[in-house]
Amino acid sequence: MDHSLPPACFHVSTESDIHPHAWKKLYFAHHWPVTVCKMNANDCHDPPKYWTIHGLWPDRAEDCNRTWHFNVTEIKDLLSDMRHYWPDVLHSSLNRTQFWKHEWDKHGTCAATLKVLNSQKKYFGKAIELYQHVDLNGCLLKAGIKPSSSYYKMTAIKEALTRFYGVTPKIQCLPPEEGEKAQTIGQIEFCFTKELQLVNCTTREGGSNAVHAHLKLGTSELSVCNDTLPTYYPSEVQIHK
């Protein structure tokens, strides 16, 4: 299986030495909106029932250019796709752009060392292209993995994704709450090289804490899923009274 993107995607600059914030790979994170809402239900209404983009994150850099401000007019041609594929799950107002601003400021300004990501339109547009290329929603459905009141084995989810993509993604879960036995799947990250080819996410490298620090929402926190715990893939937000 060829995991590369079309050749047009490969006109990139890898001269990271000209930039003070060197990084090696990109984490492309999808999150499950129902779980996001479970983590922070105070301002979350009717979340999408499909995996959406959380972000496209260089592994070793954050806030690389504080003077390069987000400007929504630069992505005006992408707004329809952005609202669908990259919505602000916690704040559903169509006019709200704070989530995208945060992602650009923190991650996009660092990803911009690559020629294919060196503008706001390129960064967000390429993320949408990667989302459509990966087609996580379609992959899970083909594997028979869909939201359910039953539990899944984490190993079965991992094996299905690895078999489909030929690489190992990073899967994040919400640990069981008190009285619960199951973890809740919340985020799936795919790793890409600077040439935008899929690679395993399993390699542990020093200095990648920037990505891990990004996973806290509200008072709950995602962590790498436990292979031995039953895994809940919720179809709707459970309101705990």
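What this report covers is the structure whose coordinates are included nearby. All values derive from a computational prediction rather than experimental measurement.

What to know about the environment of Asp105
Reasoning step 1: Its location among the elements puts Asp105 in helix α3 (residues 98-111).
Reasoning step 2: The residues contacting Asp105, other than those within four sequence positions of it, are Asp63, Cys64, Trp68 and Phe70.
Reasoning step 3: Here Lys101 takes part through its side chain, which lies 2.7 Å from a polar atom of the side chain of Asp105.

So, the state of the cysteines
Reasoning step 1: In this structure the tally under the stated criterion is 4 disulfides.
Reasoning step 2: Shown here is the disulfide that connects Cys37 with Cys44, its sulfur atoms set 1.6 Å apart. One quick way to see it: the torsion about the S-S bond of Cys37 and Cys44 is about -40°, and its sign makes the bridge left-handed. The pair Cys37 / Cys44 is uniform in exposure class, with both members buried.
Reasoning step 3: When the bonded cysteines of the protein are counted from the start of the sequence, the pairing works out to 1-2, 3-4, 5-8, 6-7.

Some points on the environment of Tyr27
Reasoning step 1: Summarising the element assignment, Tyr27 is placed in strand β1 (residues 25-31).
Reasoning step 2: When the C-alpha positions of Tyr27 and Leu56 are compared, they lie 5.7 Å apart, and in sequence the two are 29 residues distant.

Let's talk about the pairing of strand β4 (residues 170-174)
Reasoning step 1: Of all 5 residues in β4, 5 are buried; the element is thus mostly enclosed.
Reasoning step 2: Direction of pairing for β4 relative to strand β5 (residues 183-193): antiparallel, over a ladder of 5 bridges. In the sheet register, Lys170 faces β5, and the bridge partner there is Glu189.
Reasoning step 3: Taken together, the 2 bridges between β4 and strand β9 (residues 223-224) define a ladder with antiparallel strand orientation. Bridge pairing in β9 places Gln172 opposite Val224.

What about unusual backbone geometry?
Reasoning step 1: Although it is not a glycine, Asp63 adopts a positive phi angle of roughly 45°.
Reasoning step 2: At Leu196, a residue that is not glycine, the phi angle is positive and equals roughly 65°.
Reasoning step 3: Secondary-structure assignment places Leu196 in the loop between β5 and β6 (198-199).
Reasoning step 4: Look at Leu196 and you get buried, because its relative accessible area is 0%.

What about the pattern of salt bridges?
Opposite charge on two side chains permits them to pair, given that their charged atoms come into close proximity.
Reasoning step 1: Under the definition given, this model contains 10 salt bridges.
Reasoning step 2: Between Lys49 and Asp46 there is a salt bridge, with the nearest N and O atoms lying 4.0 Å from each other.
Reasoning step 3: Residue classification places Lys49 among the partly exposed positions, given a relative accessible area of 45%.
Reasoning step 4: A relative accessible area of 69% means that Asp46 is categorised as exposed.

Criteria and cut-off values
Residues numbered from 1 in each chain as written. Predicted model: local features only at pLDDT ≥ 70, side-chain atom pairs only at ≥ 80, totals over all residues. Heavy atoms only, no water. Helix = DSSP H or I, 4+ residues; strand = E, 2+ residues; numbered from the N terminus. Contact = heavy atoms within 4.5 Å. Polar contact = N/O pair within 3.5 Å; in protein donor to acceptor, adjacent residues only side chain to side chain. Disulfide = S-S within 2.5 Å. Buried < 20%, exposed > 50% of the residue type's maximum accessible area, 1.4 Å probe, protein only. Pairing = 2+ DSSP bridges. Salt bridge = Lys/Arg side-chain N within 4 Å of Asp/Glu carboxyl O.

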